[in-house]
Amino acid sequence: MTTIAFIGLGNMGGPMAANLLKAGYALQVFDLSAAAVETAVAAGAHAAATASAAVTGAQIVISMLPASRHVEGLYLGDAGILAAIEPGALVIDCSTIAPASAQKVAAVAAQRGVVMIDAPVSGGTAGAAAGSLTFIVGGDADALERARPILQAMGKNIFHVGANGAGQVAKLCNNMALGVIMAVTGEALALGVAHGLDPKVLSQMMAVSTSRSWATEVCNPWPGVLENAPASRGYSGGFGNDLMLKDLGLAAEAAMGVGASIPLGELARNLYAMNSRAGHGGLDFSSVVKLVAPAA
Ligand code: NAD
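Rules of the game
Residues numbered from 1 in each chain as written. Predicted model: local features only at pLDDT ≥ 70, side-chain atom pairs only at ≥ 80, totals over all residues. Heavy atoms only, no water. Helix = DSSP H or I, 4+ residues; strand = E, 2+ residues; numbered from the N terminus. Rg over C-alpha atoms; globule rule 2.2 N^0.38 Å. Buried < 20%, exposed > 50% of the residue type's maximum accessible area, 1.4 Å probe, protein only. Phe/Tyr/Trp six-rings, centres within 6.5 Å; stacked < 30°, edge-to-face > 60°. Pairing = 2+ DSSP bridges. Polar contact = N/O pair within 3.5 Å; in protein donor to acceptor, adjacent residues only side chain to side chain. Contact = heavy atoms within 4.5 Å.

Caption draft 1: How the structure looks around the overall build of the protein. A count of helical and extended segments in the protein gives 12 helices and 9 strands. In terms of overall size, the protein behaves like a compact globule, its C-alpha atoms giving a radius of gyration of 19 Å where 296 residues would be expected to give roughly 19 Å. When its C-alpha atoms are laid out on the principal axes, the protein stretches across 65 × 45 × 35 Å. Across the 296 residues that make up the protein, the buried fraction comes to 50%.

Encoded structure:
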């Protein structure tokens, strides 16, 4: 039986790990949060005392951590887990991090006989729970084929977009567009509500019209419009404002690297930074609507 080490059991990693357990894989898990580990153990995972212990004896290692510094800290350096990963094992990093960081970790892994792919995801916490994520993969094609059955247990769509780091570039393109779309959807709903419109009816109309998007249909930013959206539970869970802010910062860096212009992406980055400074950094990113509708 394939043994998978799964490190990072947060809003995304927790339900992803649960789907691997449902598919019959043996999981050795580690997270800094004891509560997150407990949930995975209740679903059938084996808790490891350290990240290095989790990867010992595993043929596949999956990480789902917040940002570049966490991923580099986990794998690299004297305390890094690369030393404990079996040569020949495959590492799948699903975190959204800087493309350069993904390339750096993959290069060090390769020196140790460990193949690594970047496989950031799209689909949010609902997609993670439903096993319908989109995986955006950068790395060797043979490594992706090895990873494919495992990714299929957690997602529906798999795109191979290029070499190591390319998965991260594509993911940043997606999230930059998402950040802009969410902010402007909130503005549109606030404008309608200020004119006395019902946000539910307005959203239903938009969801079948030309401004249709994931922000209108799945993660609507207006409280009460969609029962299962973070906005309807005080913007808890979901995709944190500060994670979106991180991704827009990475997009800005990526743009500077090639001299690309991203005026709306930069504007959106400032909006999510303002929302963070307003004390909403830990809320779902759809709380950016609060900047234009404080009562939302
Ligand atoms: P999260 O903050 O809910 O979870 C991160 C988990 O990593 C936490 O449980 C934390 O304790 C753990 N962690 C941090 N450092 C660790 C370490 N050194 N060792 C072990 N565990 C460690 O974040 P999330 O929402 O699950 O997001 C994870 C990644 O997925 C991010 O890069 C994010 O940008 C990306 N992402 C999130 C969503 C979403 O909707 N939440 C969607 C797509 C992509």
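Caption draft 2: Looking closely at the packing of aromatic side chains. Inspection of every chain in the model, using the stated rule, returns 3 aromatic pairs. Both rings, one in Trp214 and one in Phe285, keep their centres 6.5 Å apart while their planes meet at 20°; by these two values the pair is stacked. Of the two residues, Trp214 is situated in helix H10 (residues 214-217) and Phe285 in the segment after helix H12 (263-280); the sequence distance between them amounts to 71 residues. The class of Phe285 is buried, set by a relative accessible area of 0%. Between Phe239 and Phe285, the aromatic rings sit 5.4 Å apart at their centres with planes inclined by 70°, giving edge-to-face as the arrangement. Residue Phe239 is found in the loop between H10 and helix H11 (241-258), and its partner Phe285 is found in the segment after H12; the two are separated by 46 residues along the sequence.

Caption draft 3: Focus on the pairing of strand S4 (residues 60-63). Burial of the side chains of S4 extends over both faces: Ile60 and Ile62 are buried on one face and Val61 and Ser63 on the other. Of the strand pairs in this sheet, strand S1 (residues 3-7) and S4 are connected by 4 bridges, and their pairing is parallel. What sits directly across from Ala5, in S4, is Val61.

Caption draft 4: Region of interest: the side chain of Asn220. Assignment of secondary structure puts Asn220 in the loop between H10 and H11. Separated by 3.3 Å, the side chain of Asn220 and the backbone oxygen of Thr216 make a polar contact. Setting aside residues no more than four positions away along its own chain, Asn220 makes contact with Leu189, Ser203, Ala215, Val225, Leu226, Ala229 and Ala231.

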